[in-house]
Structures are given as structure tokens and as C-alpha cells.
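Here is what each chain is made of, one letter per residue.
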Amino acid sequence: MSEQQQSTTSSNSVPSEVNGIAVGTQDGFIRLYHHVPRNQKHDFDSDPTGLLLGHTKSISALYSNETHLPNYICSGSWDCDVRIFNQKTMKCLFKLTKKAQGEEDVKEIIGGHTMEVANINSFMKDSIPYLVTGGLDCQLKIWQIENDNVTLKNSFIPKDGTMECSIWCSSFTKDNKFFIGGLQDGTTRGFDLETGKLVSRFKIHSNSIRKILNIPTNEKNLLITASSDNSIKAVDLRANQIAFRFDNTQNSGMMDIACLNDSLFAVDTTGSIKELSLKMLSEKNTAKTIVNQVKTAHRGVITSALLHKGLLFTGGGADKVVKVWDISKSLKLLHTLNLQDGVFALTGLQ
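Residues numbered from 1 in each chain as written. Predicted model: local features only at pLDDT ≥ 70, side-chain atom pairs only at ≥ 80, totals over all residues. Heavy atoms only, no water.

A. The arrangement of the overall build of the chain in detail. Across its full length, the chain holds 2 helices and 31 strands. The C-alpha radius of gyration computed for the chain amounts to 19 Å, which stays within 12% of the reference 20 Å derived for 350 residues, consistent with globular compactness. For the C-alpha atoms alone, the extent of the chain along its principal axes is close to 55 × 50 × 35 Å. Taking all 350 residues of the chain together, 59% fall into the buried category. Of the contacts made within the chain by residues no fewer than 6 positions apart, 43% connect residues no fewer than 24 positions apart. For the chain, the accessible surface area stands at approximately 15,300 Å², while carbon and sulfur atoms represent 46% of it. (Helix = DSSP H or I, 4+ residues; strand = E, 2+ residues; numbered from the N terminus. Rg over C-alpha atoms; globule rule 2.2 N^0.38 Å. Buried < 20%, exposed > 50% of the residue type's maximum accessible area, 1.4 Å probe, protein only. Contact = heavy atoms within 4.5 Å. Areas by Shrake-Rupley, 256 points an atom, 1.4 Å probe, with all protein chains shown as cover.)

B. Inspection of the packing of aromatic side chains at higher detail. For the structure on display, the rule yields 5 aromatic pairs. On the basis of an interplanar angle of 80° and a centroid distance of 5.9 Å, the ring pair of Tyr33 and Phe44 is categorised as edge-to-face. Placement of Tyr33 in strand β2 (residues 30-33) and of Phe44 in the loop between β2 and β3 (50-52) is noted, with a sequence separation of 11 residues between them. Pair check on accessibility: Tyr33 and Phe44 agree, each one buried. The ring of Trp168 has Arg210 sitting right over it, with the charged end atom 4.5 Å from the ring centre. (Phe/Tyr/Trp six-rings, centres within 6.5 Å; stacked < 30°, edge-to-face > 60°. Lys NZ or Arg CZ within 6 Å of the ring centre and 35° of its normal.)

C. The pairing of strand β28 (residues 311-316), seen in detail. Across the 6 residues of β28, 6 count as buried, placing the element largely inside the fold. Of the two faces of β28, the one holding Leu311, Phe313 and Gly315 and the one holding Leu312, Thr314 and Gly316 are both buried throughout. Bridging between strand β27 (residues 302-308) and β28 involves 6 bridges; their strand directions are antiparallel. What sits directly across from His308, in β28, is Leu311. As consecutive antiparallel partners, β27 and β28 are separated by 2 residues, and within that stretch Lys309 has a phi angle of approximately 55°, a positive value. Sheet topology note: the β28/strand β29 (residues 321-326) ladder contains 5 bridges and is antiparallel. Residue pairing in the sheet places Phe313 in a bridge with Val324 of β29. The loop that links β28 with its antiparallel partner β29 comprises 4 residues; one of these, Lys320, has a positive phi angle of about 60°. (Pairing = 2+ DSSP bridges.)

D. Seen up close, the side chain of Lys233. Inspection of the secondary structure assignment puts Lys233 in strand β21 (residues 231-236). Comment: no salt bridge for buried Lys233; closest opposite-charge side chain is Asp229, at 5.0 Å. For Lys233, the side chain forms a polar contact with the main-chain oxygen of Ile204, separated by 2.8 Å. Setting aside residues no more than four positions away along its own chain, Lys233 makes contact with Ile204, His205, Leu223, Ile224, Thr225, Phe244 and Arg245. (Lys, Arg positive; Asp, Glu negative; His and termini not counted. Salt bridge = Lys/Arg side-chain N within 4 Å of Asp/Glu carboxyl O. Polar contact = N/O pair within 3.5 Å; in protein donor to acceptor, adjacent residues only side chain to side chain.)

E. Region of the structure containing the state of the cysteines. Counting across every chain of the model gives 0 disulfides. Cys74 takes part in no disulfide bond, and the closest cysteine sulfur to it belongs to Cys92, at a distance of 10 Å. Since its relative accessible area comes to 0%, Cys74 is described here as buried. Left unpaired, Cys138 is separated from the closest cysteine sulfur, that of Cys165, by 6.4 Å. The class for Cys138 is buried, based on a relative accessible area of 11%. (Disulfide = S-S within 2.5 Å.)

F. Focus on the pattern of salt bridges. Tallied over the full model, the rule gives 10 salt bridges. We note a salt bridge from Glu103 to Lys95, for which the minimum N-O separation is 3.2 Å. Overall, Lys95 belongs to the buried group, its relative accessible area being 3%. Taken together, the salt bridges that share partners define one network made up of Arg83, Lys95, Glu103 and Glu108.

G. Representation of the confidence of the model for the chain. Scored by pLDDT, the chain comes out at a mean of 89, with 92% of its residues at no less than 70. Averaged pLDDT values over the elements of the chain bottom out at 41 in helix α1 (residues 3-9) and peak at 98 in strand β6 (residues 82-86). Throughout residues 1-13 the model reports pLDDT below 50, and contacts reaching past four residues in sequence, or to other chains, amount to 16 contacts. (pLDDT = per-residue confidence, 0-100.)

Next comes the structure, spelled out in C-alpha cells:
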């Protein structure tokens, strides 16, 4: 069965229990796997249960949020477009693009990016969801999603003086008033979402920031960043200082991080996975920082890491596989999905 055929037939076979993922690959397809067995006794079929079609170049970003955007999957690509899909029908509803193409049965919203879309995120304001997209064109765009329509509300270039940088990743303050971007130059920058005004700047890394997480606690408001400079750092936003850092002794860039309770899962360019203890990091107890690790989890760079429904998913660009890990059993490998194409983005299904 061809992939084009499968996208139209597999929607009838979606299982009732959904704990799976969407996988964005180099060929521009987004493959859906609705159900992931939680033990090795059950086979995990590498054939997807659905496909999201429309992008003409590699997928560079995937995003879903069951609170802000229920039943939506948002994608960004090297073709510069952002697409918003209905997860249940698998149809593309909106295309946020720089130029209308007259695509049939898709609402085209003009004002999109002019280069690769590297980051997608969302926030709520007055019970209305907003999508935030950042790209290699150094532009930050804010889209309002309401009444089955999408409207471009703001578009600006986050500048620090005359310096413009690509936005690789993002987070928000708890009150959703400020956007925090992780940039190509190793800085995090905070911007007022209403005005686009720069309100904060931290020079944290010497190379690009690949992932940023904002983790508020009772004692601290931690901004955790992973960078291509081989390190993970945490900034205490209340004290305005570095709270702790982790340096990768394998001399390999950090590509992605995911957090659950006290555990921080980090993946890097050599194909390794590390489970780090946030408690030990904050106490600067380097001997007990690494709780678990898999040194050769993938052959080559791991491009993405996703914690979803109690499982850890990792995607490889070089070995073209997605692996599923049981985090309750010291990163036990459950399944390997051979996609035969580079994996560049992951997100969870609802």
C-alpha cells in the first residue's frame, strides 16, 4: 500500500485508546502512530495508522497541546509554511504561508515565514488560544485561533540593538505576558507579547540553544536550556543568576531535553540518552547527577525527545528510527520503529 493510499484508508482503523505520537520526517510526511504498546510482548507495527500530507519539504517542527488546541496538530517545515491539522480527520484546515497557492479545501492565511519554521508554541489569553511561531527568518509571529479562523495578530523581529537571530525554541512566563526565546547566538531573550519589546536578555551559552523549559517551583523559577555548546544550564529568574549547569563529558552538543518531576531527560549528537536528577543538579552533587544513561541509544545524532503518556520517545536523524523507552524501568527499550527516513520532530497525540 502506498503512503498516499494509506492516508485515506487508515483513519477507519484508529484505536479507541490513543497514547501515540506524530513523527515529522525528512520527506515532508507526518506519520501518526495512535497506539503504542507498553510492553515488549506486543508488536509495534512500523506502518503508520495515519498520515498528514501537504508539506513539500522536510518537517522541522511539530506541536500539540490538548489544553490550548484540542484535536489540533501544528507543523512547520523547510517549505516555510505552518500547517494546522485536525487530528481526528487528518485534514489540513489552515496553511499559514507567505504567498497564497490556491490550495483546495485549505484556508490559506497570508503573513507566514520566509524561511524555515524552527519553533511552534502556544498560550491562552482571555480563554482564546494563540499560536506563536519562530523561524530562521528571525521573525516571531503571533496567530489568534478563534471561531474556526486564524488571524495574524503581530509579527516582529526580536532585536537586541541591531542584532537579529533565529529563534530555535521558546517558552512563556506563567502569566503568559512574556515570551522567552532560545536563540541561535546562545542567548535567551524575553519579549512582551503585546508590544514585542525586549524586556530581558541572558547570555547563557556560547552556541545555539536547542531547547528551553520554564519550570516554576515554590523556591525558584527555573529556566532550563540545552545547547549545542555541550551543556545544560538553569537560570533562576527570581535571583537573575545561573542556578546550576551540566557539562556533557562526551563533548557532544545537547539536542533536546524533556522533564518529568525530578527527572530531566537529555539527548545529544552522539546518540546518547541521559536521565539527570534536578535535585542533584541543584545541590551541585555531580557524582549523583546522572541517574540512568544509554550511551548508544541511536546511531548518530538524536534530533528529538518527547515524554508522552509515561513513555520516552527519541528520534534519530542518521539511523532513521524512533525508539520507545520505559522510564519506570531505567530506560528499558520497548520498541524500535524503522521509518527509513530522517526523523526531525515529534509530538504527542491526544
